Amino acid sequence: MKELFEHLLYFGVVVSVVGYEIGLWLKKKTNFSLFNPLLIAVIFVMGFLSLFHIQYEAYEESASLLSYLLTPATVCLAVPLYEQLELLKKQYKAILFGVISGMVSGLISIFLLSLLFHLNHTQYVTLLPKSITTAIGMGVSEEIGGNVTITVAAIVVTGILGNVIGEVVLRFFHIKEPIAKGIALGAASHAIGTSKAMEIGEVEGAMSSLSLAITGLLTVIAAPIFANFM
Amino acid sequence: MLEPLFFAFFGRKAPKVKIIKEAFIILAISLVGEILKSLIPLPIPASIYGFVILFVGLYTHMIPLEKVKTTADFLIEIMPLMFIPAAVGLLVSGKALTEILLPFILIVCVSTIIVMGTSGAVTQWSMKGAKAKEESDNEGAI
């Protein structure tokens, strides 16, 4: 069985999509926010791999189409943003304030929490780029001397978390403006949060794309500065 | 470029190849992003260069919206699927985490909530400020 899967080109994509469909179905039936399609899909695939003793590398290779499409899909986030151009022009100050304050609060909170938990320098800088999109985060982590594998894990957990609890957190903070919702999701949980924002609405999705791009770019400058603090 | 060939062979308009053209534009921009990434020594990924190029292209009307819209909407719709392989990768990288698992989880959760709350609240608050100012300016004009 194990050998079979390691030679199949399509099982990775099919298993991933089946997991996602199960998640969509559960979400629709129960409307329970923990039944997040992405989360369910990830758990489903993990369970599947463990059950049949399939190596992660074999799955990764046969699901590589999905990862391959990530760059063109991220490029396409410019489309909804362009469609909300008027809103962007009108609210650019609020948007910039929001994105910058989010990024700074993120870096400060990581610094303070790292002090609290007595993390060493490497562990601290590893977590600094956790709120930005994986491709930028890996580069930043490498540059400031972090452990790239753990940075990627932190980025993925941050994204899934934002995708799963985003709506609850926004409700808790009384954030109702679609623009503010989008900015918050993008700033806190990058592209994975943005795919949630896309589900909520067009404005939310567009603003989240913008927010993830600006947060990512500003973190390239800010993270090395924060790295010196500890 | 291929269309005249079609005319020559079939003597009628070429069949619709909308998606091929759209995918070509998007993939070509991704490629340019990749080239920029390899030329510029910054930790900025190809996708962000591409995002900026497509946005500028749309803004300047060099790339008409309807030349990318269908494929872009499709790719964005299926985007959550693209994160599954990386997240399943936690199965492997999770082993590197055991040493700092508890602080790791707490820091990630707390700071994600803080960032979301702060950026959302500040944006909403700044928008209200701008709105109030606009209204008082209008009153002044009247």
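Rules behind the numbers
Residues numbered from 1 in each chain as written. Chains lettered and ligands numbered in written order. Predicted model: local features only at pLDDT ≥ 70, side-chain atom pairs only at ≥ 80, totals over all residues. Heavy atoms only, no water. Helix = DSSP H or I, 4+ residues; strand = E, 2+ residues; numbered from the N terminus. Axes fitted to C-alpha atoms, helices over the stretch in contact; angles between N-to-C directions. Parallel < 35°, antiparallel > 145°, perpendicular 65-115°, else oblique. Left-handed = near helix turned anticlockwise from the far one by under 90°. Contact = heavy atoms within 4.5 Å. Nonpolar A, V, L, I, M, F, W, Y, C, P; charged D, E, K, R; others polar. Buried < 20%, exposed > 50% of the residue type's maximum accessible area, 1.4 Å probe, protein only. Phe/Tyr/Trp six-rings, centres within 6.5 Å; stacked < 30°, edge-to-face > 60°.

K.L.:
Just to check I follow, could you spell out unusual backbone geometry for this structure?
P.N.:
Backbone geometry follows two general trends: most residues other than glycine have a negative phi, and most peptide bonds adopt the trans configuration. Located in the positive-phi region is A:His53, a residue other than glycine, with phi close to 50 degrees. Within the secondary structure, A:His53 sits in the loop between α3 (37-51) and α4 (56-62).

K.L.:
What is the right way to read the packing of helix α2 (residues 18-39) of chain B against helix α4 (residues 69-77) of chain B from this model?
P.N.:
For any two helices packed against each other, the geometry comes down to the angle between their axes and how far apart the axes lie. All names here are of chain B. Taken N-terminus to C-terminus, the directions of α2 and α4 make an angle of 70 degrees; their axes are 8 Å apart at the nearest point. Here α2 lies roughly perpendicular to α4, going by the angle between them. Crossing hand, α2 versus α4: right-handed. On the side of α2, the interface is formed by Lys18, Ile19, Glu22, Ala23 and Ile26, while α4 contributes Lys69, Thr70, Thr71, Ala72 and Leu75. Looking at the contact of α2 with α4, its residues break down into 5 nonpolar, 2 polar and 3 charged.

K.L.:
Honestly, the environment of A:Ile160 in this entry has me stumped. Any pointers?
P.N.:
On the secondary structure map, A:Ile160 appears in helix α12 (residues 148-172). A relative accessible area of 10% places A:Ile160 in the buried class. Once the C-alpha coordinates of A:Ile160 and A:Gly193 are considered, the two residues, 33 residues apart in sequence, prove to be 7.3 Å apart. Setting aside anything within four residues of it in sequence, one finds A:Ile160 in contact with A:Leu38, A:Leu39, A:Val42, A:Ile192 and B:Ala87.

K.L.:
Help me out: how do you make sense of the packing of aromatic side chains in this one?
P.N.:
Residues and elements named next belong to chain A. Applying the stated criterion across every chain, the model contains 11 aromatic pairs over all chains. Both rings, one in phenylalanine 172 and one in phenylalanine 173, keep their centres 5.2 Å apart while their planes meet at 90 degrees; by these two values the pair is edge-to-face. The exposed category is assigned to phenylalanine 172, whose relative accessible area is 63%. Arranged with centres 4.9 Å apart and planes meeting at 50 degrees, the rings of phenylalanine 226 and phenylalanine 229 form a pair that is tilted. The exposure class of phenylalanine 226 is buried, given its relative accessible area of 12%. Put simply, the rings of Phe11, Phe44, Phe48, Phe52, Tyr56 and Tyr59 pair up and form one aromatic cluster.

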